[in-house]
Amino acid sequence: MNRHRRVLVTGGAGFIGSHLSDAILKHGFEVTILDNLHTGIRGQVPAGADFIEGDVRDSDAVARAFETEPEIVCHLAGQASIRLAWADPSADLAVNVEGTLRILAACREHRVPRLLYASSMTVYGNPDEIPTSEDAPARPVAHYGITKFAAERYVHLAADDPEHPLAVTSFRMFNVFGPRQRLDNPYQGVLAIFLGNVLRGEAVTIHSDGEQSRDFVFVGDVCRAWIEAIDNQSTFGRVFNLGSGRPTTVNTLCDTVLGLCGLDRSNHPVHHEPAQPGDIRRAAADVSAIQETLGWQPKISLEEGLEPTVAWARHAAERR
Ligand SMILES: NC(=O)c1ccc[n+]([C@@H]2O[C@H](COP(=O)([O-])OP(=O)(O)OC[C@H]3O[C@@H](n4cnc5c(N)ncnc54)[C@H](O)[C@@H]3O)[C@@H](O)[C@H]2O)c1
């Protein structure tokens, strides 16, 4: 049914983007991936996808991607680290905001009718209410949250252009986890950082007292929401949280990861260090909007999703 309908996935060599590309191909679409391999991995690009190595800030690379005539754009390419954004806010701004503007300009030029955007729960900062709904004010407390919110607003502003109708949907994803999340990148993804530490026999470092909470959502559940939204008009113009709705403290996460590797704090070192700038104290998604609109529910709990994640991570560690 989707034959000859092409989806451009920016960031499709990365963690979420590669899973999404797999899922889109399974749904019968054709896929083009644009990725500069900054954190993405060439080997993660699905065999059935056309791959263009290039930067979303580079108009020539973007033009080549749009020459493949996508009907739908899933824009996930981005700088995804709160830490690195803090260290170099200009670089974060360039990739996340200017890169998004470049993609939006190409959508306009090539009259692409549909775009879905990878936004983030960091737009909320430290929200007054947990679980947090999409109506909560955006008060990001880190550069990364500011650029994700700015890009989200540019996306939704582009949808209002009367000259070029563009149906947009943004997903404010919470802590996505699963296989392929890099274990060797100390700057993004607390779960993968802990897992990498434990599998390499390194001490785990918890910033703050460990009682800060995060909402972990399995990558397969996230991809299902993106896919179901592509042609669903009731998602057009909307912003949705994607999370499990369940807060998990970083202490619990650490103990769970240790436990799955047959360890605990008595036989594996766990250190505490001060909180890092931009850290959020509590996070959990109110997912009633996407439940009502798409009938979407997360199906895989943290415990269920950790099993294949740890199995993949062990395998990946052995192959290195
Ligand atoms: N992982 C999460 O929990 C989470 C939560 C909310 C939002 N997001 C957003 O989802 C998207 C994907 O995140 P991820 O976790 O898969 O991270 P990732 O680092 O694995 O994926 C990002 C991809 O974008 C590519 N990329 C980076 N800069 C680029 C550029 N200038 N031009 C072209 N490609 C570029 C990278 O090489 C990588 O393949 C990001 O936009 C991130 O901000 C992620």
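Coordinates for the structure precede this section.
Everything numeric in this text was worked out from a predicted model, so none of it was measured.

*Asks:* Describe the overall build of the protein, with residues and values.
*Replies:* The number of helices and strands found in the protein is 10 helices and 12 strands. Here the C-alpha atoms of the protein give a radius of gyration of 19 Å, agreeing with the 20 Å that 2.2 N^0.38 yields for 320 residues. Each principal axis of the C-alpha atoms in the protein carries an extent, and together these give about 60 × 45 × 40 Å. When each of the 320 residues of the protein is scored for burial, the buried share is 52%. Partitioning the intrachain contacts of the protein with sequence separation of at least 6 by distance along the chain shows that 77% fall at a separation of at least 24. When the accessible surface of the protein is totalled, it reaches about 13800 Å², and 50% of it is carbon and sulfur. If you average the places of the 30 positive and of the 41 negative side-chain charges in the protein, the two averages end up 2 Å apart.

*Asks:* Outline the sheet that holds strand β3 (residues 50-53), listing residues and values.
*Replies:* Each strand in a sheet pairs with another by means of backbone hydrogen bonds, the pair being arranged parallel or else antiparallel. Strand order in the open sheet formed by seven strands is β3-β2-β1-β4-β5-β6-β10, and the pairing between neighbours is parallel. Where the open sheet ends on each side, the last strands, each with one partner, are β3 and β10 (238-242). Averaged over all adjacent pairs, the angle separating strand axes in this sheet is 20 degrees, with direction ignored. Alignment of strand β5 (residues 114-120) against strand β6 (residues 167-173), held across seven bridges, turns out to be parallel. Its bridge partner being in β6, S119 is matched across the sheet by R172. Against the sheet, helix α7 (residues 219-230) engages β4 (72-75), β5, β6 and β10, with an angle of about 150 degrees to β5.

*Asks:* I'd like a rundown of helix α5 (residues 143-158), residues and numbers included.
*Replies:* The terminal C-alpha atoms of α5, which comprises 16 residues, lie 22 Å apart, in line with the 22 Å expected from a rise of 1.5 Å per residue. Packing partners of the buried residues in α5 comprise α3 (82-87), α4 (89-109), β5, β6 and β10.

*Asks:* Mind laying out the sheet that holds strand β11 (residues 247-249), listing which residues take part and the relevant values?
*Replies:* The sheet built from three strands is open, its strands ordered β7-β9-β11 with mixed pairing. Strands at the two margins of the open sheet, each flanked by one partner only, are β7 (175-177) and β11. Between one strand axis and the next, the sheet turns by 50 degrees as a mean value, whatever way the strands run.

*Asks:* I'd like to hear about helix α10 (residues 302-319), residue by residue, with values.
*Replies:* The end-to-end C-alpha distance of α10, which contains 18 residues, comes to 25 Å, matching closely the 26 Å that a straight helix rising 1.5 Å per residue would cover. Every buried residue of α10 is listed here: L302, G305, L306, T309, V310, A313 and A316. Tucked inside the fold, the buried residues of α10 contact β7, α6 (190-199), β9 (213-218), β11 and α8 (250-260).

*Asks:* If you had to explain the environment of R3 to someone new, which residues and values would you point to?
*Replies:* You can see R3 is positioned in the segment before β1 (6-10). Look at R3 and you get exposed, because its relative accessible area is 62%. Through-space distance from the C-alpha of R3 to that of A91 is 38 Å; in sequence the pair is 88 residues apart.

The rules behind these values
- Residues numbered from 1 in each chain as written.
- Predicted model: local features only at pLDDT ≥ 70, side-chain atom pairs only at ≥ 80, totals over all residues.
- Heavy atoms only, no water.
- Helix = DSSP H or I, 4+ residues; strand = E, 2+ residues; numbered from the N terminus.
- Rg over C-alpha atoms; globule rule 2.2 N^0.38 Å.
- Buried < 20%, exposed > 50% of the residue type's maximum accessible area, 1.4 Å probe, protein only.
- Contact = heavy atoms within 4.5 Å.
- Areas by Shrake-Rupley, 256 points an atom, 1.4 Å probe, with all protein chains shown as cover.
- Lys, Arg positive; Asp, Glu negative; His and termini not counted.
- Charge placed at Lys NZ, Arg CZ, Asp CG, Glu CD.
- Pairing = 2+ DSSP bridges.
- Axes fitted to C-alpha atoms, helices over the stretch in contact; angles between N-to-C directions.
- Expected span 1.5 Å × (residues − 1).

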